[in-house]
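# Inside the fold
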Amino acid sequence: MTDAQNNTRKPDPCSFVIFGVTGDLAHRLVMPALYNLAASNLLPEKFCVVGIARKATSADELREGLLAGLKKFATRPIDDAIARQLLECVTSIEADPEDPASFDRMREQLDALEERRQTGGNRLFYLATPPDGFAPIARELGRTGMLQENGSWRRLVVEKPFGTDLESAKKLNADLLEILTEHQIYRIDHYLGKETVQNILVLRFANGMFEPIWNRNHIDHVQITVDEKLGVGHRGSFYDATGALRDMVPNHLFQLLSLVAMEPPTRFDAHSVRAEKANVLAAIQLQSEAEALHNSVRGQYIGGTVDDTVIEDYHKTKDVANGSTTETYAALKLIIDNWRWAGVPFYLRTGKALATKRTEVAIKFKQAPFAMFQGTPVEALSHNYLVIGVEPNEGIALQFNTKVPGPAIKIDGVEMKFRYKDYFKAQPSTGYETLIYDCMIGDNILFQRADSVEAGWCAVEPFLDAWKNAGSSGLKSYRAGSEGPVEADELMARDGRSWRKLG
Ligand code: BG6
């Protein structure tokens, strides 16, 4: 959230109801984001935060815990007056989906609170809980009528994972859509909260020069990289059941892919943008298991050093099963089977415990014909890349060939760079501010629609199945602190291509 956004309209009065208020997500991201919104004067005038916990907690106890969290995770210095004002809005209510009567009591308490706070009955229910809580909580909210929109709005926010495969994603969508309509559901993918990710749309569609060449006539291939330095750390139990593919690809990497590959929407509104994103995901060619094995690499890290930190073998991580075949690295080659992209491979890679922390999209343009330079000292032309740096080098770089000054014909690759930090001063944020603000104003352009979620799972399912059936065979190792398994380089080399070096 930049200060320039301060002229944005304030959301309607509302209650912000957090399930899982004592958990990590609420402390680390949701409350600091609410604080940043408060500091930018972007919270409603009439507002209350209701923390829902399974066991009774007093409002004071809850406020104390949230304040400690704010101090620890705030992205900017805390102004006591703003923090106090925000925490004064906090109340606590006890409710547990396993005890339906507690939801009946919750409804009464919420009605009374809203009467006092004059929030007009608008409610945002934020499910900051483990995913097995989503459907039971929604069911109880639905049963007690708390999600019914009668002249006021009622919205439900859910965080990834939206299922763990196609079947479970369909089930979750069906469960939620039995109780709510699609416009009430806000599926958060935090990648869409990143300015640089949102900027892909602007880069493509607010400039006249990119779109005419953004297709198979001019683009050779696209590389999407999300490399992380951190190992799995204390998340062994979650990660071992999930793996790199499920954790990152159908959600975060596909957000990047769909923004890069979608057709121009007719309008910059939720309906048009989300429809085009869903269309392009549905156009990803479904691979057979054999093709999926051929077009993918999965790896698991073994002990090594990242910067100065020693990372132990993945399989020694706490809560990771003995002999686990869970991948901590995944590389895939995908084909989007439509008129714009047929024949242009999209290479995706992501992993933990790698040499660099880097998220970027690199678009490689087709090589210029070399004939003209034959018979000159030029040995090769360097590649034309357009690189969209998402993190940590937020910006855009264009690589092209230029003549080296001097009497002989020599050509070298150079780079033209735009860096966000050179042009804009943004307040450090959690990345959740825009998403939470958008939920409160009812704009779901940055949220995932049910069909996109399902199309994403559909595209990765062949890889999940092929890897499951292959067991430990085909699982490659790579050293923590390296650039990933060498087989990922071979995946590209086989097509006469190579990954961009990220060092
Ligand atoms: C989360 C994954 O969704 O995204 C994590 O569960 C991963 O495993 C994280 O580390 C990456 O997010 P970012 O914003 O740091 O790229």
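Before any of the text, the structure's been laid out above.
Summarised in this report is the structure supplied together with it. (Residues numbered from 1 in each chain as written. Predicted model: local features only at pLDDT ≥ 70, side-chain atom pairs only at ≥ 80, totals over all residues. Heavy atoms only, no water.)

### What about the packing of helix H8 (residues 236–261) against helix H13 (residues 450–470)?
The interhelical angle for the contact between H8 and H13, taken along N-to-C directions, is 155°, at an axis separation of 10 Å. One way to sum up the angle between H8 and H13 is to call them roughly antiparallel. In this structure, the crossing between H8 and H13 has a hand that is right-handed. Of the residues in H13, those in contact with Leu245, Arg246, Val249, Pro250 and Phe254 of H8 are Gly456, Trp457, Ala459, Val460, Phe463, Leu464 and Trp467. Tallied by class, residues from the contact of H8 with H13 come to ten nonpolar, one polar and one charged. (Axes fitted to C-alpha atoms, helices over the stretch in contact; angles between N-to-C directions. Helix = DSSP H or I, 4+ residues; strand = E, 2+ residues; numbered from the N terminus. Parallel < 35°, antiparallel > 145°, perpendicular 65-115°, else oblique. Left-handed = near helix turned anticlockwise from the far one by under 90°. Contact = heavy atoms within 4.5 Å. Nonpolar A, V, L, I, M, F, W, Y, C, P; charged D, E, K, R; others polar.)

### Points about unusual backbone geometry
When glycine is set aside, most residues are seen to have a negative phi, and most peptide bonds are trans. In this chain, lysine 160 is followed by proline 161 through a cis amide linkage whose omega measures 5°. Here proline 161 shows up in the loop between strand E5 (154–159) and helix H6 (166–179). A positive phi is found at glutamine 118, a non-glycine position, where the angle reads about 55°. Here glutamine 118 shows up in the loop between helix H4 (100–117) and strand E4 (123–127). One non-glycine residue, alanine 353, adopts positive backbone phi at about 55°.

### Quick notes on the site of the ligand
The full set of residues close to the ligand is Lys160, His190, Tyr191, Lys194, Glu228, Arg235, Asp247, Met248, His252, Lys352, Lys357 and Glu391. In the environment of the ligand, an oxygen atom lies 2.6 Å from a nitrogen or oxygen atom belonging to the side chain of lysine 194. In the environment of the ligand, an oxygen atom lies 2.6 Å from a nitrogen or oxygen atom belonging to the side chain of aspartate 247. Protein burial of the ligand: of its 400 Å² of free accessible surface, 80% is covered by the chains. Residue contributions to the shell around the ligand peak at three residues, all from H8. Classifying every residue of the shell around the ligand by side-chain character gives two nonpolar, two polar and eight charged. (Near = heavy atom within 4 Å. Polar contact = N/O pair within 3.5 Å; in protein donor to acceptor, adjacent residues only side chain to side chain. Areas by Shrake-Rupley, 256 points an atom, 1.4 Å probe, with all protein chains shown as cover.)

### Considerations on the side chain of arginine 500
Inspection of the secondary structure assignment puts arginine 500 in the segment after helix H14 (486–493). By relative accessible area, arginine 500 is classed as buried at 14%. Only 2.8 Å separates the side chain of arginine 500 from the side chain of glutamate 360, close enough to count as a polar contact. Discounting residues that sit within four places of it in the chain, arginine 500 has contacts with Gln223, Arg349, Arg358, Glu360, Ala362, Tyr385, Val387 and Gln399. (Buried < 20%, exposed > 50% of the residue type's maximum accessible area, 1.4 Å probe, protein only.)

### Considerations on the nonpolar core
Buried together is how nonpolar side chains tend to be arranged in soluble globular proteins. Counting 144 residues, the largest nonpolar core has Leu34, Met106 and Tyr126 as the members making the most contacts within it. The dominant element in this core, judged by the number of residues it contributes, is H8, at twelve residues. Not counting residues up to four positions away in its chain, the partners in contact with leucine 34 are Phe16, Leu43, Phe47, Val49, Leu86 and Ile436. (Core = buried A, V, L, I, M, F, W, Y, C linked by side-chain atoms within 4.5 Å.)

### Examining the packing of aromatic side chains
Per the counting criterion, the structure on display carries 16 aromatic pairs. With centroids separated by 5.9 Å and ring planes inclined at 35°, the aromatic side chains of phenylalanine 16 and tyrosine 126 adopt a geometry described as tilted. Taken together, the residues span a long stretch of sequence, with phenylalanine 16 in strand E1 (residues 14–19) and tyrosine 126 in strand E4 at a distance of 110 residues. The class of phenylalanine 16 is buried, set by a relative accessible area of 0%. By relative accessible area, which is 0% here, tyrosine 126 ends up buried. Judged by centre distance (6.3 Å) and plane angle (70°), the rings of tyrosine 239 and tyrosine 314 are edge-to-face. Pair noted here: tyrosine 239 is in helix H8 and tyrosine 314 is in the loop between strand E10 (309–311) and strand E11 (329–335), with a separation of 75 residues, a long-range link. This pair shows no difference in class: tyrosine 239 is buried, exactly as tyrosine 314 is. Above the face of the tryptophan 153 ring, arginine 155 is positioned so that its terminal group lies 3.8 Å from the ring centre. Sitting over the ring of tyrosine 385, arginine 500 keeps its end group 5.7 Å from the ring centre. (Phe/Tyr/Trp six-rings, centres within 6.5 Å; stacked < 30°, edge-to-face > 60°. Lys NZ or Arg CZ within 6 Å of the ring centre and 35° of its normal.)

### Re the pattern of salt bridges
In the structure shown here, the tally under the stated rule is 29 salt bridges. In this structure, the salt-bridge partner of arginine 123 is glutamate 114, at a minimum N-O distance of 2.8 Å. Take glutamate 114: its relative accessible area is 7%, and that puts it in the buried class. For the salt bridge of aspartate 175 with lysine 171, the shortest nitrogen-to-oxygen distance reads 2.9 Å. Of this pair, aspartate 175 and lysine 171 both sit in helix H6, separated by four residues, roughly a single helical turn. By relative accessible area, aspartate 175 is classed as buried at 18%. Three or more residues joined by partner-sharing salt bridges are found here, namely Arg107, Asp111, Glu114 and Arg123. (Salt bridge = Lys/Arg side-chain N within 4 Å of Asp/Glu carboxyl O.)

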